[in-house]
Amino acid sequence: MSRRTLFGRVAPTGAERAIERIVAHGLDLLVSLPGTQVLPLWDASDRGSAMRLVVPRSERSGGFIAEGYGLASGRPAVVANTLGPGVANELVAVASANRSNSPVLYLTPCQPQRKRARLDEVFQGLDHASYMSGVARDQVLCDDSDALESSIDQALGGALGEPTGPVRLDVSFPIFFRRSPRLGSTPLRKIPSRPPLAAPGADLILALEDSSLSDSLLLDRVGLGGGPRRRAVHPGIDSPGSGLSFALGLRLGRPRSPVVIVTTLEGLLAQLGVAVVANSQRVGLTFAALETSAVATTVRDAASATGAAWMPIDPAGSPKDIRSAFGSRSKGLTVLVDG
Amino acid sequence: MESGSASNQIVPVPCFAAGTAATECGAIEMRDAQAAAHAADGAARASGRAAVVAAAGLADSLRMAAGLVTARGDRQPVVAVAALGGPELELARPALETASRAVIDCRSSAIEPDGCLAALALGPPVVVIVSNLVGLATAVGRLREILPDWSPADRGGLEVDEEAILEALPALRESKRPVILVGHGAATAADLEAIATLARVWQAPVCLTFSATSMPAGTLEQFRSAFAVELPILPAGTVPWSTALARADRVLALGSGLSEADWFGLSDARLVRAPVTRVVLAPDPDGVAETTVPADAGDFAAALTNELERGGVLTRDGWIERFSEARSTWTELVDQEAERGAREDRLTPALAAREIVAAAPAGTVFVGEGGASGMWLASYAWLRPLVMPAQHASIGASIAMAAGIAEAEPTRPVWTVLGDGAFFYCARELSALAERGVPAVVFVFDDRSWNAIRLVQTLFFKRRTIGTDLPDVDFRNLAELHGCETLRVRTPGEMAMALSLAQESRTKPLVVDVRIEKGAIPFVGANLILAEVDGVLRTLAGSAALSSAVAAAKDRPALAANLRVIAGAVRK
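Residues numbered from 1 in each chain as written. Chains lettered and ligands numbered in written order. Predicted model: local features only at pLDDT ≥ 70, side-chain atom pairs only at ≥ 80, totals over all residues.

### Comments concerning the overall build of chain A
Okay, step 1: Within chain A one finds 16 helices and 13 strands.
Okay, step 2: Taken over the C-alpha trace, chain A has a radius of gyration of 21 Å; the compact-globule value for 339 residues is 20 Å, and the two agree within 12%.
Okay, step 3: Residues classed as buried in chain A amount to 61% of the 339 residues present.
Okay, step 4: Considering only residue pairs separated by 6 or more positions, chain A has 78% of its internal contacts joining residues 24 or more positions apart. (Helix = DSSP H or I, 4+ residues; strand = E, 2+ residues; numbered from the N terminus. Rg over C-alpha atoms; globule rule 2.2 N^0.38 Å. Buried ≥ 20, exposed ≤ 12 C-beta atoms within 10 Å, placed from the backbone. Contact = placed C-beta atoms within 7 Å.)

### Let's talk about the overall build of chain B
Okay, step 1: Tallying secondary structure elements over chain B gives 24 helices and 18 strands in all.
Okay, step 2: Radius of gyration (C-alpha) of chain B: 23 Å, near the 25 Å computed for a compact globule of 572 residues.
Okay, step 3: Taking the principal axes of the C-alpha coordinates as reference, chain B spans close to 65 × 60 × 45 Å.
Okay, step 4: By residue count, 62% of the 572 residues in chain B fall in the buried class.

### Some points on the sheet that holds strand β13 (residues 365-367) of chain B
Residue and element names in this part refer to chain B.
Okay, step 1: One open sheet accounts for 6 strands, arranged β14-β13-β15-β16-β18-β17; its pairing is parallel. Two strands bound the open sheet, and with one partner strand each, they are β14 (386-387) and β17 (485-489).
Okay, step 2: As paired strands, strand β15 (residues 414-419) and strand β16 (residues 441-446) are joined by 5 bridges and run parallel to one another. Each residue of the ladder has a partner; that of L418, found in β16, is V444.
Okay, step 3: The strands that helix α17 (residues 398-408) touches are β13, β14, β15 and β16; relative to β15, the one it contacts most, it runs at about 170 degrees. (Pairing = 2+ DSSP bridges. Axes fitted to C-alpha atoms, helices over the stretch in contact; angles between N-to-C directions.)

### As for unusual backbone geometry
Okay, step 1: Going from E162 of chain A to P163 of chain A, the amide bond is cis rather than trans, its omega being -5 degrees.
Okay, step 2: Note on placement: P163 of chain A falls in the loop between α8 (148-159) and β8 (166-172).
Okay, step 3: Following P124 of chain B, the chain continues into P125 of chain B via a peptide bond in cis, with omega recorded as -5 degrees.
Okay, step 4: Note that P125 of chain B resides in the loop between α5 (113-122) and β6 (126-130).
Okay, step 5: Positioned with a positive phi, W263 of chain B is a non-glycine residue whose angle comes to about 80 degrees.

### Overview of the sheet that holds strand β1 (residues 15-18) of chain B
Residues and elements named next belong to chain B.
Okay, step 1: On the basis of which strands lie adjacent, the open sheet formed by 6 strands has the order β2-β1-β3-β4-β6-β5 and parallel pairing. Taken across any chain shown, the strands that pair with only one partner, and hence form the sheet edges, are β2 (28-30) and β5 (102-105). Strand-to-strand twist across the sheet, computed as the mean angle between neighbouring axes with direction ignored, equals 25 degrees.
Okay, step 2: Inspection of the sheet shows strand β4 (residues 78-83) paired to β6 by 5 bridges, in the parallel sense. Counted as the bridge partner of A83 is V130 from β6.
Okay, step 3: Here helix α6 (residues 133-146) sits on the sheet in contact with β1, β3 (51-56), β4 and β6, set at roughly 160 degrees to β4.
Okay, step 4: Of the strands in this sheet, β1, β2 and β3 touch α17, which is tilted by about 170 degrees from β2.

### Examining the nonpolar core
In globular proteins that are soluble, nonpolar side chains generally tend to be buried together.
Okay, step 1: In terms of nonpolar packing, the biggest core is built from 339 residues, with A207 of chain A together with A17, A36, V53, A54, I195 and L254 of chain B touching the most fellow members.
Okay, step 2: Once residues within four sequence positions are removed from consideration, I195 of chain B is found in contact with I180, V182, A186, A190, L254, A297, G298 and A301 of chain B. (Core = buried A, V, L, I, M, F, W, Y, C linked by C-beta atoms within 7 Å.)

### As for the interface of chain B and chain A
Okay, step 1: The interface of chain B with chain A comprises 62 residues on the first partner and 50 residues on the second.
Okay, step 2: Among the elements of the structure, α3 (58-73), α4 (86-98), α19 (451-460), α20 (475-481), α22 (526-532) and α23 (537-554) of chain B are those that each provide at least two residues to the side of chain B that touches chain A.
Okay, step 3: With 8 residues, the top contributor of residues to the side of chain B that touches chain A is α3 of chain B.
Okay, step 4: Looking at side-chain class alone, the side of chain B that touches chain A contains 33 nonpolar, 17 polar and 12 charged residues. (Nonpolar A, V, L, I, M, F, W, Y, C, P; charged D, E, K, R; others polar.)

### Some points on the pairing of strand β11 (residues 285-290) of chain A
All names here are of chain A.
Okay, step 1: Where burial is concerned, most of β11 is hidden: 6 out of the 6 residues are buried.
Okay, step 2: Side-chain alternation along β11 places L285, F287 and A289 on one buried face and T286, A288 and L290 on a second face that is also buried.
Okay, step 3: Pairing analysis gives 4 bridges linking β11 to strand β13 (residues 333-338), with the strands arranged parallel. Note on β13: the bridge partner recorded for L285 is L333.
Okay, step 4: Here β11 pairs with strand β12 (residues 309-313) via 5 bridges, running parallel. Looking at the pairing, A289 lines up with P312 of β12.
Okay, step 5: At this point the chain moves from β11, through helix α15 (residues 296-306), to the parallel β12, and the crossover so formed is right-handed. (Right-handed = clockwise from strand over helix to strand, strands pointing away.)

### A word on the packing of helix α15 (residues 349-359) of chain B against helix α21 (residues 492-503) of chain B
All names here are of chain B.
Okay, step 1: Axis separation between α15 and α21 bottoms out at 10 Å; the angle between their running directions is 25 degrees. The angle between the axes of α15 and α21 places the two elements in the roughly parallel class. Both α15 and α21 take part in a crossing whose hand is right-handed. Residues L351, A352, E355, I356 and A359 of α15 form the contact with α21, whose own contacting residues are P492, M495, L499, A502 and Q503.
Okay, step 2: Across the contact of α15 with α21, the residue classes tally to 8 nonpolar, 1 polar and 1 charged. (Parallel < 35°, antiparallel > 145°, perpendicular 65-115°, else oblique. Left-handed = near helix turned anticlockwise from the far one by under 90°.)

### Quick notes on the pairing of β5 of chain B
Residues and elements named next belong to chain B.
Okay, step 1: Bridge count for β5 against β6 is 4 bridges, and the pairing is parallel. Across the sheet, residue I104 finds its bridge partner in β6, namely V128.
Okay, step 2: With respect to chirality, the unit in which β5 leads through α5 into the neighbouring parallel β6 is right-handed.

### Digging into α19 of chain B
Okay, step 1: Across the 10 residues that make up α19 of chain B, a large majority, 10, are buried.
Okay, step 2: When α19 of chain B is considered as a whole, its buried residues turn out to be N451, A452, I453, R454, L455, V456, Q457, T458, L459 and F460 of chain B.
Okay, step 3: Summarising the contacts, the buried residues of α19 of chain B are in contact with α2 (39-45) of chain A together with α16 (372-380), β15, α22 and α23 of chain B.
Okay, step 4: One or two residues past the end of α19 of chain B sits K462 of chain B, with phi positive at roughly 50 degrees.

### Considerations on the packing of α19 of chain B against α23 of chain B
Residue and element names in this part refer to chain B.
Okay, step 1: Close contact between α19 and α23 brings their axes to 5 Å; oriented N to C, the two are set at 100 degrees. It follows from the interaxial angle that α19 and α23 lie roughly perpendicular. Contact residues: T458, L459 and F460 in α19; L540, S543, A544, S547, S548 and A551 in α23.
Okay, step 2: Residue classes in the contact of α19 with α23 are distributed as 5 nonpolar, 4 polar and no charged.

### Section: α5 of chain B
Okay, step 1: Those residues of α5 of chain B lying buried are C116, L117, A119, L120 and A121 of chain B.
Okay, step 2: Those residues of α5 of chain B that are buried lie in contact with β5, β6 and α6 of chain B.

### Structural notes on the environment of F173 of chain A
Residue and element names in this part refer to chain A.
Okay, step 1: Structurally, F173 can be placed in the loop between β8 and α9 (174-177).
Okay, step 2: Here the alpha-carbon distance between F173 and G14, two residues 159 residues apart in the chain, equals 9.1 Å.
Okay, step 3: Residue contacts for F173: discarding those within four places in its chain leaves Q37, L83, P109 and C110.

### Remarks on the environment of G287 of chain B
Okay, step 1: Among the secondary structure elements, G287 of chain B is positioned in the loop between β11 (276-280) and β12 (291-294).
Okay, step 2: Along the backbone, G287 of chain B and L258 of chain B are 29 residues apart, and their C-alpha atoms lie at a distance of 9.3 Å.
Okay, step 3: The residues touching G287 of chain B, leaving out its near neighbours within four places in the chain, are R118 of chain A together with G265 of chain B.

Right, here's the structure in full:
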């Protein structure tokens, strides 16, 4: 992909080549917080590519969005955060995706080789590979611009391998900025996505903030006991405060399936930033709670503060009717607060 | 020799944890284990004393490791205890090792005090691994006994090389344009009087590193008293600071890591060309210093002072006065820029930051972050106690750090400034602050954007501001859900009223949503941006020129404000 400018055609930047390769593999979701070293990827993804950019409100949240997306769609989201502290914040989400076998491609700028030898003095220096070695399924390092495409293929092959999981690709960040023709790049051999890994075929996906909520009596009251309870999905690592991110990822990965995430009031209040992101992604977001419960007023106020719809649940209502309401098209993502 | 540390008195060691770990070891409960690590980090930064964070299980240990990374960047004395066993330990161990400088495995033995203190002296943070919750409670109890004995001045058995000191002195004495760079290690552990005396005798301006700028509050007060007004101490990241480092013919770096953020080690923008003599107690390899001397910074300063008094001072006439004048000019320019907002009745970030700093009671500890809000705060909170991550310039930690500071320095007000982009990282900890009745004041600089990144897009990406606009969020409503008092201000007049309220005593946190203008460019921090793009600066040169032209056409007010200050300072 070269680009025409006032001064003639110019070779693509490494970031443009990376996005081109990723799109050629059929991936379409970039989950990324801003940082100087990831800006070339943002710039490239905005130049007519099919990538959708989701900007979460923390790197950890972005990782859980990607985990949910991978499970729901069978395709990896691309997570690109800035080096150093950005990568540090991804840790628990990488571990969670590893446990749930969710395919995720963590595409991360890293310091060039000559700086990696003295990271203590380097601004935002962190040894990514060492830090992540316990939790990532695999890690690939690209220091050579000519190997960019093959490194992406290798990392994607790992993420969509057997079993699927999160794979990290560290790219020496100057490669993203520099223009270079694709010399001897590997011909594309498209790596096929997997079928949905979570709740395949379900008309409504039930997600739990953590696995202990599967015992909640609320599920029966709202018609989500039985089959939905058995098929309920949750992040690989119980992670209070990350369930809504996970559920948003499920919704983005399966846009035709409404998602209900069950959480606690504490869990909801920890995730109001995700609600803001969900609204900006035009996901129909609803907060729900039994209208007689102790948490109802606060949940209603939280809905008002974040622009979510408020759905008070009549405790005397028919579970079947309540479940139907969750499945209506206007309710893309419902946060059901147990309390 | 007296230590320059904040205090040697025995004080309780603050300990933070989330969930079960907090209950088991009687720690201050935070909502999240990463926030607990930030709280311990904040406590250590503000007090200069060691602090503890504890976590149990895989998920919380990983979160704790993520928080430790920021503490590691600035070598904060945090001891982290993780209760893990079997396969979970194997998953978490690499992250815990990378996020710390020493790991002590206490799964089958008790903590050995000397080993723990020596590990802290060699380089914090330190991780202690235990096998279960009982071990966690025992280890935290033991640390509460051991750590009050620790001070930043502890040498942990490190030997001083007297011969190396003597060998380093002649080259320094030859300098005609000397600059003393004081790093966090020297600011917290050395004899500040000795360093101040050296600066006077040598006629050398003193540059503080970013991490030294956030020295413990008590130490800062000693520092101000030792250096008095006639010595030019130059604020990190400002034009006079950069000018001094650029024009020096010799830099004496005391207790500094010679970080890229302090202009060292950059390949594309090598501002510091002078040879560097580095004095550190525990030298680690660096590719920058000409000479590294393993010695205490205060002892070395005293030795060099003796050498200068004996052999004569060769410093050029007017060298130090030039920086006294430059510092005054800088202060005036920055003040004038804030005043411009006041005259035009516009709530600019410069005006908001200046008024916040001016209104804060004496002794207030300010907490900042690595984004634009932190740069604004740093522009005005000069030589006031300021806690801010330097090496990692992290965002999202300040509310949790405020919780730690409130615990470690309970008599000091804590005023936090963070950006709207960072608010949600640790917003849930507002509930923890409210529950404990911590009267912290939190100012959210609400400019509806990731402003520091927009600045990079403005300077290098031809103002293509993709993804950096944030939706309009009413932070007042959100903070009320966490049990805080709240205010929203949009004008200088409303800001003044909010600051009056902030000065009043209260029993819960106050969150002020400060609606500031979008797109303003901070006056400090060019060194941080250049450190971020070091390696591609030449690649970006053409794009930067074009971007600047586009910005000059479209962002005139923001650029003009910045250029007024920068150009004014450069002229001096």
